[in-house]
Amino acid sequence: MSEEQRGVILYGRGRDAVAEALRELDPRYVLVDPAAQQPGQVPVRCCRDAAEADAARQAVSGVAWLVVELYQPGVNIAHARAPVLSLNSTEVDPGLAARAIDQSDLVTWYEVIHPARVITVDGQPPADDYSNIEIVVPGGHRMVAHAVRAEETPPECLPGAALQILPSDDLWALARLRGFEVCRACTLRHG
Ligand SMILES: [Zn+2]
């Protein structure tokens, strides 16, 4: 968690459980009125819906509010104004949601090991209809997820530009959920 004055606004299904999980993760997350908070604390607000979340964000300036929508697929709810961190509450349990919120500036870059190659089967240049093109996936092809803090240089465990790197905005906290292999060094650093 950064030291910048932050706040979290939650709305949607399971918001109270996520607020509780945030408190368990780090006691600096407190359910208080921002006007009454102590230095170093991060106010957490639970709102009934998007409109209330928008109003709460506007009501207190000088706080970098992270607005979090907890949605369920197939259930239509109104969205708060961007930027909003959207988490699928049927997939992300409260503890994981708390971690994703706490590490919301930590994204995933994928290292592609033995990247797939495009070749032409006849050794000629690609045909207009691509009929001589084949995609070769070498043995051992896989992707490893690394944690990169937004706007910081990538960690040393992420190899240089000679290999294929795919930057993404995917939250690091959710990398395991997506079934990717995760880097050991990044896991030790960030959990
Ligand atoms: Zn790494």
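Keep in mind the model is a prediction, meaning the values are calculated, not measured.

Visitor: Quick question: what am I supposed to make of the environment of Val148 here?
Guide: One can find Val148 in strand S9 (residues 142–149). Once the C-alpha coordinates of Val148 and Thr90 are considered, the two residues, 58 residues apart in sequence, prove to be 26 Å apart. When neighbours within four sequence positions are excluded, Val148 is seen to be in contact with Asp105, Leu106, Val107, Trp109, Pro154, Pro155 and Leu158.

Visitor: Explanation requested: the coordination of the zinc ion in the structure shown.
Guide: The expected angle between donors at a tetrahedral four-coordinate metal is 109.5 degrees. At an octahedral six-coordinate metal it is 90 or 180 degrees. Around the zinc ion, the protein contributes the donor atoms His146 (ND1), Cys157 (SG), Cys183 (SG) and Cys186 (SG), which lie 2.1 to 2.3 Å from the metal centre. Because the angles between the 4 donor atoms bound to the zinc ion fall within 102 to 121°, the donor set is best described as tetrahedral. Donor residues for the zinc ion, ordered by position in the chain, follow H-x10-C-x25-C-x2-C. Of this pair, His146 sits in strand S9 while Cys186 sits in helix H4 (residues 184–190); the two residues are 40 residues apart in sequence, bridging distant segments of the chain. Each of the two residues, His146 as well as Cys186, counts as buried.

Visitor: Looking at this structure, I do not really get the nonpolar core. What am I missing?
Guide: Generally speaking, nonpolar side chains in soluble globular proteins are found buried as a group. Formed by 23 residues in total, the largest nonpolar core has its most connected members in Val8, Leu10, Val68, Leu87 and Ile101. Of all the secondary-structure elements, those providing two or more residues to this core are strand S1 (6–12), helix H1 (15–25), strand S3 (42–47), strand S4 (64–71), strand S5 (84–88) and helix H3 (94–102). Here this core gets 5 residues from one element, more than from any other, and that element is H3. Contact partners of Leu10, with chain neighbours within four places excluded, come to Arg15, Val18, Ala19, Val44, Arg45, Cys46, Cys47, Val68 and Ile101.

What counts and how
- Residues numbered from 1 in each chain as written.
- Predicted model: local features only at pLDDT ≥ 70, side-chain atom pairs only at ≥ 80, totals over all residues.
- Heavy atoms only, no water.
- Helix = DSSP H or I, 4+ residues; strand = E, 2+ residues; numbered from the N terminus.
- Contact = heavy atoms within 4.5 Å.
- Donors = N, O, S within 2.8 Å, 3.2 Å for Na, K, Ca; no water.
- Tetrahedral: all angles 85-135°; square planar, octahedral: opposite > 155°, others 65-115°.
- Buried < 20%, exposed > 50% of the residue type's maximum accessible area, 1.4 Å probe, protein only.
- Core = buried A, V, L, I, M, F, W, Y, C linked by side-chain atoms within 4.5 Å.

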